[in-house]
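# Notes for the structure review
Now for the letters of each chain:
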Amino acid sequence: MTDPIIKFDKVGKSYGSLKVLDGLDFEVKRGEKVTIIGPSGSGKSTVLRVLMTLETINDGVVYVGNEPLWHEQRNGTLVPAGEEHLRKMRRQLGMVFQQFNLFPHMTVRRNIAEAPVKVLGLSRQDANQRADELLEMVGLADQAHKYPHQLSGGQQQRVGIARALAMRPKVMLFDEPTSALDPELVGEVLNVIARLASEHDLTMLLVTHEMRFAREVSDRVCFFDKGQMKEQGTPDELFTAPKEQRTRDFLKAVLNG
Amino acid sequence: MLFGFEWDTSSELAFAWSILPILLIGLWVTVQATVLGFVVALVLGLILAVLKGAPSRLISWPANVLCEFIRDTPLLIQLFFLYYVLPEYGLVLPAFMTGALALGLQYSAYTSEVYRAGLQAIGRDQREAARALNFPSAHTFTHVLLPQAIPRIIPAMGNYLVSIMKDVPVLSVVTVLEMLNVAKIIGDRTFDYMVPLSMVGGLYLIMTLVASAGVRLLDTRLPKQGLPLK
Ligand SMILES: Nc1ncnc2c1ncn2[C@@H]1O[C@H](COP(=O)(O)OP(=O)(O)OP(=O)(O)O)[C@@H](O)[C@H]1O
Ligand SMILES: [Mg+2]
């Protein structure tokens, strides 16, 4: 068995007295597509945000590709990582945000090409070409010169996906990518994500309330509650025969609600 | 006679007409001092805003103290300081330059606050997107935050432009021949203060109206979502 590409080792995170991650143990294998489900406030977004280095941790160690994310090895002990280490680690990850978080003053193409130029050092021309290929892939080839506010929410989120992919990350993080969208626009975004999920090498970590979609694309579904992973299994196991009462209650609530 | 122009005191109207070119020369000086002072205030204010927002207290604290000091002291003190003290350290600038610098310095304390408010108004989501994409922090500042802040701060900056314009007469104390100073000299020599001073008032009104209209035009022209990057 290959080593996990992501590993949370007894990770703790709190805001004041509120424990958001509570000794969390959690692993994702290379190329695996994992969906996290759970009630509001269970720490789902926090897991992704910690991985994207948007949120620090208070306890434990997070590993990405066998290297500690938030720590550096120094003289055999782990010390809090400096910005240089974080920059190096961040390259392996890409994130798609619930609210898209596109740069409103940049054209669609520039939104995608900016980081490849500034961070990867591509020429503007090569980066634009990469952007155009990605736009083609997400079905927006004709929108390159528009600004985000000229697009629908579904189109904006597809740009968001293209923007993250332009950095060629090993792991893609999706934090409720469709929950800010009108119902009729959800499908076009899920289609793009489903297509990505068919790529063998890409590791995907997805937080969603779209249970049917989760079932289709995931290798594994994890149920989070109160900052811990309470149950996990294949979609079939988890959705048809959940073991924990908490999981059953949650699924009953969302599937009927 | 001033700047080679004679005045005609035969009637009020003739007098007004004859000193107009002289006042316009003064007006041009006022405009130049305003523009230069404003540019200094914009640049220095941005630098101060960055320093005040620095994560290290060692940097933000002195910047805050400096701003507070500038804000809480009269423009005249800074002007005298630059005009009389700097030369003691071998830095001799023409009176005009010193004056524009003092104006810019004074107003940089205010513009830095405008920048800060404008930058803070940009949501956390933009910083997070930039961070997730691994942008260098300087790039995030110049290409993500600043272009979005600029359209929002135009009206406030425009107000300071007009304020600077109205403060230019202070420079007369260090012999700068701006418009009001010119009018006063004409008054001293002709014993008629009414006409030149009224004209200065009118010209000022025109200048501030034009400046405000320009700022409003810029405000409506700039896309609200930020300076566009193609
Ligand atoms: N900056 C913050 N300060 C204080 N509390 C916070 C902060 N960010 C998040 N929290 C709290 O941490 C808890 C976990 O948040 P998280 O966003 O990970 O939950 P979630 O599982 O993604 O929930 P949801 O389904 O509502 O998105 C929540 O109770 C939230 O209110
Ligand atoms: Mg969330």
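What you see is a predicted model; the values in this text were computed from it and never measured.

Rules of the game
- Residues numbered from 1 in each chain as written.
- Chains lettered and ligands numbered in written order.
- Predicted model: local features only at pLDDT ≥ 70, side-chain atom pairs only at ≥ 80, totals over all residues.
- Heavy atoms only, no water.
- Phe/Tyr/Trp six-rings, centres within 6.5 Å; stacked < 30°, edge-to-face > 60°.
- Helix = DSSP H or I, 4+ residues; strand = E, 2+ residues; numbered from the N terminus.
- Buried < 20%, exposed > 50% of the residue type's maximum accessible area, 1.4 Å probe, protein only.
- Pairing = 2+ DSSP bridges.
- Contact = heavy atoms within 4.5 Å.
- Axes fitted to C-alpha atoms, helices over the stretch in contact; angles between N-to-C directions.
- pLDDT = per-residue confidence, 0-100.
- Core = buried A, V, L, I, M, F, W, Y, C linked by side-chain atoms within 4.5 Å.
- Near = heavy atom within 4 Å.
- Polar contact = N/O pair within 3.5 Å; in protein donor to acceptor, adjacent residues only side chain to side chain.
- Areas by Shrake-Rupley, 256 points an atom, 1.4 Å probe, with all protein chains shown as cover.

## What about the packing of aromatic side chains?
Residue and element names in this part refer to chain B. All chains considered together, the criterion is met by nine aromatic pairs over all chains. Judged by centre distance (5.5 Å) and plane angle (65 degrees), the ring pair of F80 and Y84 falls under edge-to-face. Here Y84 and F80 lie together in helix α3 (residues 75-85), a separation of four residues that amounts to about one turn. Judged by relative accessible area, which is 35%, F80 ranks as partly exposed. A relative accessible area of 47% means that Y84 is categorised as partly exposed.

## So, the sheet that holds strand β2 (residues 18-29) of chain A
Residues and elements named next belong to chain A. The strand order β2-β1-β4-β5 describes an open sheet built from four strands, whose pairing is antiparallel. Looking at which strands have only one partner, the edges of the open sheet turn out to be β2 and β5 (67-68). In terms of strand pairing, strand β1 (residues 4-15) meets β2 through eight bridges, oriented antiparallel. Directly across from V11, in β2, lies its bridge partner L24. Contacts from helix α1 (residues 44-51) reach β1, β2 and β4 (59-64) within the one sheet, and its direction differs from that of β2 by about 65 degrees.

## Focus: the confidence of the model for chain B
Taken over all residues, the pLDDT of chain B has a mean of 94, while the share at 70 or more is 100%. Under the prediction, the complex receives an ipTM of 0.94, its pTM being 0.90.

## Quick word on the nonpolar core
Core analysis: the biggest nonpolar cluster contains 50 residues, and A:F8, A:F26, A:V47, A:L51, A:L173 and A:L205 have the highest contact counts within it. Leaving out residues up to four positions away in the same chain, A:L205 has contacts with A:I6, A:F26, A:V28, A:V34, A:I36, A:L48, A:L51, A:M172, A:L173 and A:F174. Counting 47 residues, the second-largest nonpolar core is a separate cluster that includes B:A95, B:M165, B:M207 and B:V215.

## Structural notes on the pairing of strand β7 (residues 77-80) of chain A
All names here are of chain A. Examined bridge by bridge, strand β6 (residues 71-74) and β7 share four bridges and lie antiparallel to one another. Across the sheet, residue Q73 finds its bridge partner in β7, namely L78. Here β6 folds back onto β7, and the loop between the two strands holds two residues, one of which, N75, carries a positive phi near 50 degrees.

## Details of the site of ligand 1
Residue and element names in this part refer to chain A. Inspection of the region around ligand 1 gives Y15, L18, V20, P39, S40, G41, S42, G43, K44, S45, T46 and E176 as its neighbouring residues. Here a nitrogen atom of ligand 1 sits 3.3 Å away from a polar atom, N or O, in the side chain of Y15. Contacts to ligand 1 include S40, whose side-chain N or O atom sits 2.6 Å from an oxygen atom. Bound to the protein, ligand 1 loses 61% of the 640 Å² it would expose on its own. Listing elements by their share of the shell around ligand 1, those giving two or more residues are β2 and α1.

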